[in-house]
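# Structure at a glance
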Amino acid sequence: EKGDTRVPPGLVRFELLHEDTGTKARRGRLHTPHGPIETPIFMPVGTVGSVKGVGPDDLVNLDAQIILGNTYHLMLRPGEPLIQEMGGLHRFISWDRPMLTDSGGFQVFSLSEKRKITEEGAAFQSHLDGSRHSLSPERSIAIQETLGADVIMAFDECPPSTEDRPYLEKSLARTTRWLHRCVKAWSRERSSLFGIVQGGLHEDLRKRHAEEICAVDLPGYALGGYSVGEAPEAMHAGVAYSAPLLPRDRPRYLMGVGTPLDLVTCVEQGVDMFDCVLPTRCARNGLLFTSEGKLVIRNAAYAKDPRPVDPTCSCYTCRTFSRAYLRHLFAAGEILAMRLNTLHNLHYFLTLMADVRRAISEDRFASFAKDFRARAHAQEA
Ligand SMILES: CO[C@@H]1O[C@H](CNc2nc3cc4c(=O)[nH]c(N)nc4cc3[nH]2)[C@@H](O)[C@H]1O
Ligand SMILES: [Zn+2]
């Protein structure tokens, strides 16, 4: 039995501002207790309570509106009891804008050792020290509400993409049962629970699971099970089919996605929210995103290059430093290289989404997406 699932006031509320004419893109505003989020939005990932290499002041300067935290990482270190004692996650990390936490299921399977999944939940050993832990729908919701994120995610299983259909069908049914347990455990006080739809690349399973998950009235819904190694075209086709299955008047969140081309393409399919480690992780590996394509800063060609990473970019890194200097820092393993590269890549992703929002508002997103895709393909060629 599902119990009362009406979304009480005071939680996040999605305002659909404009629907594009030529595509399924939407412009929206997600009202949260920590302020509004303009959608479509890219959310920087702050796995253990920090977006690696930059501080909350940098994120505010970059106009990041919401960042992500991870239940799996934070429960292992420093542990949610300590964060609770320090006043909750926002206070602990000095971030007073919106936050979203993932529920831990995905990370259990992508990071921990010796994990075992049962109807109850997941038992696993920490990738840090091998200590034993467990997560269940109830425990994941309790931890996330203790952390105090504005948006919390249902505890789901993201089935390995190598699993066969029978396994997938059993997993979907269990994830649906787990969602009902999450709803029961959810206090509906400060955090808003989003459901997660699975189904791999099978359209019939996506449709069935979307019906089951969206039968529960929630403030928002996510597409899980993508960006797990499938080909980009397969992910784009899957999202094109699955995104419109989610309610029109609720935010649609595509988890773990993606490249700049993924973002533009999936906005076109009707997705409103994205998160990905790409800009921050690539920055630390010296891979920089520019309007002319990707730039590998350690390339010898840049040894005496006085130009900024991207002459069209207005970020601090591009306004202040040359490619030659950034290459030197990276080669020397300087900590400053991490910071400057991350500032630039986050600026690129966040500015791209600001351009996307403007194009939708001005009803020219179809041509924006077409031009962006043409340029991206020309650069890949
Ligand atoms: C391919 O890059 C790797 O993969 C991650 C991005 N891809 C991704 N797919 C996800 C799916 C889910 C899901 O189904 N459920 C829940 N709860 N969270 C999820 C989080 C996800 N993140 C990066 O972290 C990177 O390591
Ligand atoms: Zn820049």
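In the block above lies the structure referred to throughout.
Structural notes, computed from the coordinates. (Residues numbered from 1 in each chain as written. Chains lettered and ligands numbered in written order. Predicted model: local features only at pLDDT ≥ 70, side-chain atom pairs only at ≥ 80, totals over all residues. Heavy atoms only, no water.)

## Digging into the overall build of the protein chain
Definition in use: Where helices and strands are cited, they refer to DSSP runs of H or I of at least four residues and of E of at least two residues respectively, numbered from the N terminus. Each residue's exposure class comes from its accessible area (1.4 Å probe, protein chains only) as a fraction of the maximum for that residue type: buried when under 20%, exposed when over 50%, partly exposed otherwise. Note on contacts: a residue pair qualifies if any of its non-hydrogen atoms lie within 4.5 Å across the two residues. Only the protein chains shown count as cover for residues, and the accessible areas themselves come from Shrake-Rupley with a 1.4 Å probe. Neither His nor the chain ends contribute to the count of charged residues, in which Lys and Arg are positive and Asp and Glu negative. Each charge is placed at NZ for Lys, CZ for Arg, CG for Asp and CD for Glu.
If you tally the helices and strands in the protein chain, you get 15 helices and 16 strands. Dimensions of the protein chain along its principal axes, counting C-alpha atoms only, are 65 × 50 × 40 Å. Counting over 381 residues, the protein chain shows a buried share of 54%. Counting only contacts in the protein chain whose residues sit at least 6 apart along the sequence, the fraction spanning at least 24 positions is 66%. Total accessible area computed for the protein chain in this model is approximately 16000 Å², and 53% of it derives from carbon and sulfur atoms. Both charge centroids of the protein chain, one from 46 positive and one from 47 negative side chains, sit 2 Å from each other.

## Quick word on the side chain of Thr-290
Put simply, the rule reads: Under this definition, polar contacts are N or O atom pairs within 3.5 Å; protein pairs additionally need one hydrogen-donor-capable and one acceptor-capable atom, and for neighbouring residues in sequence, both atoms have to be side-chain atoms.
Relative to the helices and strands, Thr-290 resides in strand β15 (residues 287-290). For Thr-290, a relative accessible area of 6% gives the class buried. Polar side-chain contacts of Thr-290 include one of 2.9 Å to the backbone nitrogen of Glu-292. A distance of 2.6 Å separates a polar atom in the side chain of Thr-290 from the backbone oxygen of Gly-293. Apart from residues lying up to four places away in sequence, Thr-290 is in contact with Leu-295, Val-309, Asp-310, His-344 and Tyr-348.

## Notes on the packing of aromatic side chains
To keep things clear, this is the line we draw: Pairs were defined over the aromatic rings of Phe, Tyr and Trp, the Trp ring being its six-membered one, requiring ring centres within 6.5 Å. Orientation was assigned from the angle between planes: stacked under 30 degrees, edge-to-face over 60, tilted for the rest.
On inspection of all chains with the given rule, the structure shows 10 aromatic pairs. With centroids separated by 4.9 Å and ring planes inclined at 35°, the aromatic side chains of Phe-155 and Trp-178 adopt a geometry described as tilted. Residue Phe-155 is located in the loop between β10 (151-153) and α7 (165-185), and its partner Trp-178 is located in helix α7; the two are separated by 23 residues in the primary sequence. Taking the centre distance of 5.5 Å and the plane angle of 90° together, the rings of Tyr-316 and Phe-321 count as edge-to-face. Residue classification places Tyr-316 among the partly exposed residues on the basis of a relative accessible area of 37%. By relative accessible area, Phe-321 is classed as buried at 18%.

## Some points on the pattern of salt bridges
As a reminder of what qualifies: The rule for a salt bridge is simple: a side-chain nitrogen of Lys or Arg has to be within 4 Å of a carboxyl oxygen of Asp or Glu.
Under the definition given, this model contains 24 salt bridges. Two residues, Arg-250 and Asp-249, come together in a salt bridge whose shortest N-O distance is 3.5 Å. If you follow the salt bridges from partner to partner, you end up with Glu-15, Arg-27, Arg-29 and Glu-38 in one network.

## What to know about the site of ligand 1
As a reminder, the rule being used: For each residue, the test is whether any non-hydrogen atom lies within 4 Å of the molecule or strand; if one does, the residue is near.
Neighbouring ligand 1 are 15 residues, the closest being Asp-102, Asp-156, Gln-198, Gly-225 and Tyr-226. One of the side-chain nitrogen or oxygen atoms of Asp-102 is found 2.7 Å away from a nitrogen atom of ligand 1. Within the contact set of ligand 1, a nitrogen atom lies 2.8 Å away from a side-chain nitrogen or oxygen of Asp-156. Coverage of ligand 1 by the protein amounts to 77% of the 540 Å² it exposes when considered alone.

## Let's talk about the nonpolar core
Stated formally: The term nonpolar core refers to a set of buried residues drawn from Ala, Val, Leu, Ile, Met, Phe, Trp, Tyr and Cys, joined through side-chain atoms within 4.5 Å.
Counting 73 residues, the largest nonpolar core has Leu-193, Val-239, Leu-254, Phe-274 and Phe-365 as its most contacted members. Residues Ile-37, Leu-68, Val-151 and Met-153 belong to the second largest nonpolar core, which totals 18 residues.

## So, the coordination of the zinc ion (ligand 2)
For a metal bound by four donors in a tetrahedral arrangement, the ideal donor-metal-donor angle is 109.5 degrees, while six donors in an octahedral arrangement ideally sit at 90 or 180 degrees. Formally: Sites may look incomplete, because water is not among the atoms used; the donor set itself consists of N, O and S atoms within 2.8 Å of the metal (3.2 Å for Na, K and Ca). Labels for metal geometry use angle windows, namely 85 to 135 degrees for all angles of a four-donor tetrahedral site, and for square planar (four donors) or octahedral (six donors) sites opposite donors over 155 degrees apart plus all others within 65 to 115; sites meeting none of these are irregular.
Surrounding the zinc ion (ligand 2) are the protein donor atoms Cys-313 (SG), Cys-315 (SG), Cys-318 (SG) and His-344 (ND1), at 2.1 to 2.3 Å. In this structure, the zinc ion (ligand 2) is surrounded by 4 donor atoms whose angles at the metal cover 100 to 114°, and the resulting shape is tetrahedral. Each donor residue of the zinc ion (ligand 2) belongs to the same chain, and together they define the spacing C-x1-C-x2-C-x25-H. Like Cys-313, the residue Cys-315 is buried in the burial classification.

## Concerning the pairing of strand β3 (residues 35-39)
On a regular strand, each side chain points to the face opposite its neighbour's, so the side chains alternate between the two faces of the sheet. Condition: Pairing between strands is defined by DSSP: at least two bridges between them are needed.
Bridge count for strand β2 (residues 26-32) against β3 is 5 bridges, and the pairing is antiparallel. Following the sheet pairing, Gly-28 is matched in β3 by Thr-39. Counted along the chain from β2 to the antiparallel partner β3, the turn is 2 residues long.

## Observations regarding the sheet that holds strand β7 (residues 113-117)
Within a sheet, each strand pairs with its neighbour through backbone hydrogen bonds, oriented either parallel or antiparallel. Put simply, the test is: The axes used here are C-alpha line fits, helices contributing only the stretch in contact, and every angle between their N-to-C directions lies in the interval 0 to 180 degrees.
Read from one edge to the other, the open sheet built from 3 strands follows the order β7-β8-β9, with strand pairing classed as antiparallel. Edge positions in the sheet fall to β7 and β9 (132-135), since each of these pairs with one other strand and no more. Here the average twist between neighbouring strands, direction ignored, is 15°.

## Things to note about the side chain of Arg-206
Counting through the fold element by element, Arg-206 comes out in helix α8 (residues 203-214). Of the buried charged residues, Arg-206 lacks a salt bridge, with Glu-230 as the closest side chain of opposite charge at 7.3 Å. Within polar-contact distance, the side chain of Arg-206 engages the backbone oxygen of Val-197 at 2.9 Å. A distance of 3.4 Å separates a polar atom in the side chain of Arg-206 from the backbone oxygen of Gln-198. The contact partners of Arg-206, leaving out residues within four places of it in the chain, are Val-197, Gln-198, Gly-199, Gly-200, Leu-223, Gly-224, Gly-225, Tyr-226, Tyr-241, Ser-242 and Leu-245.

## Notes on the pairing of β7
Inspection of the sheet shows β7 paired to strand β8 (residues 122-125) by 3 bridges, in the antiparallel sense. From the neighbouring strand, Ile-117 faces β8, where its bridge partner is Ala-122.

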